[in-house]
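Here's the letter readout for the chains.
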Amino acid sequence: MNQIITDIKALQEETLLNLKSSKAVNTVRAYKSDFNDFGLFCAQNGFKSLPSEPKIVSLYLTHLSTKEVKISTLKRRLVSIGVIHKLKGHYLDTKHPSIIENIMGIKRRKGSIQIGKKPLLINSLKEIINVIDQQKKEAIKKLRDRSIILIGFSGGFRRNEIVSLDYEDLDFVQEGLKINLRRSKTDQFGEGSLKGLPYFNKSQYCPVVSIRKWIEISKISSGALFRRFTKGSKLSDNRLTDQTVALLIKKYLKLAGLESKDYSGHSLRSGFATSAAKSGAEERSIMAMTGHKSTEMVRRYIKEANLFKNNALNKIKF
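Everything in this summary refers to the structure shown in the same document.

Definitions and cut-offs
- Residues numbered from 1 in each chain as written.
- Predicted model: local features only at pLDDT ≥ 70, side-chain atom pairs only at ≥ 80, totals over all residues.
- Heavy atoms only, no water.
- Helix = DSSP H or I, 4+ residues; strand = E, 2+ residues; numbered from the N terminus.
- Expected span 1.5 Å × (residues − 1).
- Buried < 20%, exposed > 50% of the residue type's maximum accessible area, 1.4 Å probe, protein only.
- Contact = heavy atoms within 4.5 Å.
- 1 Å grid on protein atoms, 1.4 Å probe; cavity = no way out; pocket = protein on both sides within 12 Å on 5 of 7 lines; lining within 4 Å.
- Points joined across faces, edges and corners; volume = space filled by probe spheres on them.
- Nonpolar A, V, L, I, M, F, W, Y, C, P; charged D, E, K, R; others polar.
- Core = buried A, V, L, I, M, F, W, Y, C linked by side-chain atoms within 4.5 Å.
- Axes fitted to C-alpha atoms, helices over the stretch in contact; angles between N-to-C directions.
- Parallel < 35°, antiparallel > 145°, perpendicular 65-115°, else oblique.

What follows covers helix α11 (residues 266-278). With 13 residues, α11 should reach 18 Å at 1.5 Å per residue; the first-to-last C-alpha distance of 18 Å fits that figure. A large share of α11 lies buried, amounting to 11 of its 13 residues. Among all positions in α11, only S267, L268, R269, S270, G271, F272, A273, T274, S275, A276 and A277 are buried. In this fold, the buried residues of α11 make contact with α6 (122-134), α7 (139-154), α8 (159-163), α10 (242-255), α12 (283-290) and α13 (295-305). Backbone geometry just after α11 places G280 at a positive phi near 95°.

Of the pockets and cavities examined, the second largest pocket occupies roughly 400 Å³. Of all the elements in the fold, those that place two or more residues in the lining of the second largest pocket are α6, α7, β3 (193-198) and α11. The residue inventory of the lining of the second largest pocket, partitioned by class, reads 11 nonpolar, four polar and two charged.

Counting 53 residues, the largest nonpolar core has I151 and W214 as the members making the most contacts within it. The element best represented in this core is α7, accounting for seven residues. Among residues more than four places away in sequence, those in contact with W214 are I140, L143, R144, S147, I220, L225, F226, F229 and L235. One finds Y31, F41, I56 and I81 within the second-largest nonpolar core, a separate group that totals 21 residues.

The subject of this paragraph is the packing of α7 against α10. The geometry of α7 relative to α10 is characterised by a closest axis approach of 11 Å and an angle of 105° between their N-to-C directions. With respect to α10, the element α7 is oriented roughly perpendicular. Side by side, α7 and α10 meet where R144, D145, I148 and I149 of the first sit next to V245, L248 and Y252 of the second. For the contact of α7 with α10, a count of residues per class yields five nonpolar, no polar and two charged.

Below, the structure is given as structure tokens:
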């Protein structure tokens, strides 16, 4: 009997590990962060956070809606609360009418249009690269920063994908550069994907040329592709964080005289998709580069890109 109990406990622990492993590390971290906010709300109002019940979760969502929180954030918090309950062995009906109808009511009252950060389009991208090249600092630092921004835009990468790249993921070929993306947000099982960056006509803005120069000057031959600098401009072995990408964009936008608060690390990815759509790229070719699994977001980029191109006002003569 004792052996049976021990075996069951071992299976329960293994199952818990499998549940945790089914999600990316960053995703699990986000779930915990969201649940901590819910836990704080419950503690302040005398509610039990784990296990909780639909009416308490519904009150929490209403509380968030009074703080100008986006609908997408409300939905993410709901998912996080449900996942944490599952991981801890509790059931929570996140589809309960008191939750779903409350969200629908919040959407009707406040609207669900999301105002995101601006995409970084071609002209702004060029201004950033020009500013980096004009900086009076070591070439190695300029090459790292310009390579991060150029590869982020050209490959339609998420910022965490940029900093997760290793030297071993690169394959320079006659046509340009093949990049093996081992894992991404939409590839939880690590099947990987391959992206191709061709050579540009203008070498100044070519990501392939820039990365070649970065590798040559940094002498990186294995491990993290983009790393931190220590004092004295010495390159360390420490990989950059994804937050660095956003900070670099804001830094150089400001130096270029552009409004940095309107942009984020995601602006590289959305900038590629919007620019590609403006240039007439097909939906499927954009998705092949960005890795989007759903057409919803890509079609939003295409719609924005064609806002003036297919505008009915163009047919009216004043």
